[in-house]
Amino acid sequence: MATFAGEASADLTSELSLASELDLIAFGQRLRHLRKKRGFTLSELGERVGRAPSQLSLLENGKREPKLSLLKTLAGALGVPVEELLRRQAPSRRAQLEMELEEAQRDPVYAALGLPHLKVSVRVPSDVLEHVLALYRELRSRESRGTATPEEARAANAGLRRKMRERGNYFASIERVAADALAAVGYRSGALSQSTVLALAAHLGFSLETVQDLPRSVRSITDLRNRRIYLKREQLGMHTPRTILLQTLGHIILDHAKPRDFADFLRQRVEANYFAAAILVPEAAAVPYLLEAKAERALSVEDLRDVFAVSYEMAAHRFTNLATHHLGLTCHFVRNDAGGIIYKAYENDGVVFPADEQGAIEGQRLCQYWSGRQVFRSPDRFSVHHQYSDSPTGTYFCVAHVDPSRERDFAITLGVPFKESRWFRGRETTNRTKSRCPSEECCRRPPADLAKRWEGYAWPSARANSHVLAALPPGTFPGVDEADVYGFLERHSPA
Ligand SMILES: [Zn+2]
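Every value quoted in this text rests on a predicted model; they were computed, and no experiment measured them.

## Here we look at the sheet that holds strand S3 (residues 228–232)
Pairing between the strands of a sheet is mediated by backbone hydrogen bonds and can be parallel or antiparallel. What the 3 strands build is an open sheet, ordered S1-S3-S2; its pairing is mixed. The strands lining the two open edges of the sheet, one partner per strand, are strand S1 (207–211) and strand S2 (220–223). Across this sheet, the average inter-strand angle for adjacent strands is 25°, counted without regard to direction. In the packing of helix H13 (residues 241–253) onto the sheet, the strands contacted are S1, S2 and S3, and the crossing angle to S3 comes to about 150°.

Here's what the structure looks like:
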């Protein structure tokens, strides 16, 4: 079976344009390789495709993007299908090394050394290239053991959200893996029983141990040597032992290796969470259910939560996975605290979240007229709050709920563009707000009369900020105390 990482990158490659630098380098390598294999000089190939040798040389050096028409002509002249020219894989070990070194030298970590650019000519022996690359890889891994700055963390979050939006937050390959796993343990329909979850762990060759002394910095520990998963007896909120176990199994079944850097760590976490949700709210059962609810104009996150016995947050988030791909709906999702600080958000319906210069939204404050803020003011904050919100990019129908299953109060919002409200329960609400954010006039600036009266007379003492803003502790698994983890495994390991 191909690893998940491989499948995902293949999917992604097909979605990317030819223009990414990496592709250009690989393309140039292949072009040169195929040309030499056919025994053509640059001029000879140039003549056959009606281009100057200098132009072909730019292509071979990855310095220019080929037009589709030229690609076809080149493939024709070389007697290969176009796909052969576009394969990302390097044509030979030597070409692979040259490509990796080119890429390495573009890495800011490498560039920070201030060394002159190493031009790889045919005279540089392959073992020297291997040697330099080995040093580079060690440099990279030492670097990633360092602290991810809040800026890096926010940039990584923004990058990940962009990728999720591009695919409507639907990951076909993970849905497939989850469906196969469910089939393997005989799942048929409906909500998942505890015994099915346990069967899944057994199916993957793992046993479970419930313990009381799990290190504070982790949710679970997997002992890969003895194939055991350690969990704490009780956990609160969305992170029930069942969810944590499934996330852990997700990392294993998706073949996650040690994260390379913080962005990789985040990606793995998103994928593992996705897997857990795809098991607990299986696509095969949830999609017919949602389609029927849509046909009856009675879509609701509460119902999804109740039918599949998951937390409100998981139901709302899972809805975003299936909404665009299966229901043809765009939507948005936000989790924010009582002060309006955003912890997690997703959109592909054009709603504009407050963001910093890097496009990151974690730690930003939501407009006070949005439903995630309004729900905290409603008379019964734990009931479901429906509202229409006018914003500069359009009107949205939003459903917000403070999930009482969590240790702290967080509002979970699911929103859709106005025209899609007709499919949802609660659409008859008369709640309506108008947000002019990001205009300062909306809610960021105090009213002029109050500002005049109080300016210079207020000295607030700020509450220590949430973890989304704090520097992340160092380590391969950010925030995890490795010494604690190894100590724990040593104590619990069979003699
Ligand atoms: Zn506002």
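We are not done yet, so read on.
## Points about the coordination of the zinc ion
Every protein donor of the zinc ion is listed here as Cys 367 (SG), Cys 437 (SG), Cys 442 (SG) and Cys 443 (SG), and their distances to the metal cover 2.2 to 2.4 Å. Bound by 4 donor atoms, the zinc ion shows angles of 95 to 118° at the metal and therefore tetrahedral coordination geometry. Its relative accessible area of 12% is what places Cys 437 among the buried residues.

## Describing a nonpolar patch on the surface
A grouping of Leu 450, Trp 454 and Tyr 457 is seen on the molecular surface, where their side chains present a nonpolar patch of about 390 Å² in accessible area. Among the structural elements, Tyr 457 can be located in the loop between helix H20 (448–454) and helix H21 (482–492).

## Looking at the side chain of His 385
The residue His 385 is located in strand S6 (residues 385–391) in this model. Judged by its relative accessible area of 9%, His 385 is buried.

## Notes on the packing of helix H12 (residues 194–203) against H13
Interaxial distance between H12 and H13 falls to 11 Å at its minimum, and their mutual angle equals 25°. Looking at the two axes, H12 sits roughly parallel to H13. Both H12 and H13 take part in a crossing whose hand is left-handed. Residues Gln 194, Val 197, Leu 200 and Ala 201 of H12 pack against Arg 242, Leu 245, Leu 246 and Leu 249 of H13. Its residues placed into classes, the contact of H12 with H13 shows 6 nonpolar, 1 polar and 1 charged.

## With respect to helix H4 (residues 53–60)
Listed as buried for H4 are Leu 56, Leu 59 and Glu 60. Buried positions in H4, seen along its axis, are confined to an arc of 95° and lie on one side of it. Following H4 by one or two positions, Gly 62 has its phi on the positive side, about 70°.

## Details of the pairing of strand S7 (residues 394–402)
When you tally the buried positions in S7, you get 7 out of 9 residues, the bulk of the element. Note: S6 against S7, 7 bridges, orientation antiparallel. Its bridge partner being in S7, His 386 is matched across the sheet by Val 399. A loop of 2 residues connects S6 with S7, the two strands running antiparallel in sequence. In this structure, S7 lies alongside strand S8 (residues 410–417), joined through 7 bridges in antiparallel fashion.

Conventions adopted
Residues numbered from 1 in each chain as written. Predicted model: local features only at pLDDT ≥ 70, side-chain atom pairs only at ≥ 80, totals over all residues. Heavy atoms only, no water. Pairing = 2+ DSSP bridges. Helix = DSSP H or I, 4+ residues; strand = E, 2+ residues; numbered from the N terminus. Axes fitted to C-alpha atoms, helices over the stretch in contact; angles between N-to-C directions. Contact = heavy atoms within 4.5 Å. Donors = N, O, S within 2.8 Å, 3.2 Å for Na, K, Ca; no water. Tetrahedral: all angles 85-135°; square planar, octahedral: opposite > 155°, others 65-115°. Buried < 20%, exposed > 50% of the residue type's maximum accessible area, 1.4 Å probe, protein only. Patch = residues over 30% accessible without salt bridge, like charges linked within 9 Å, V, L, I, M, F, W, Y side chains within 5 Å. Areas by Shrake-Rupley, 256 points an atom, 1.4 Å probe, with all protein chains shown as cover. Salt bridge = Lys/Arg side-chain N within 4 Å of Asp/Glu carboxyl O. Parallel < 35°, antiparallel > 145°, perpendicular 65-115°, else oblique. Left-handed = near helix turned anticlockwise from the far one by under 90°. Nonpolar A, V, L, I, M, F, W, Y, C, P; charged D, E, K, R; others polar. Arc of directions from axis to C-beta.

Any functional reading would require information beyond the geometric quantities listed.
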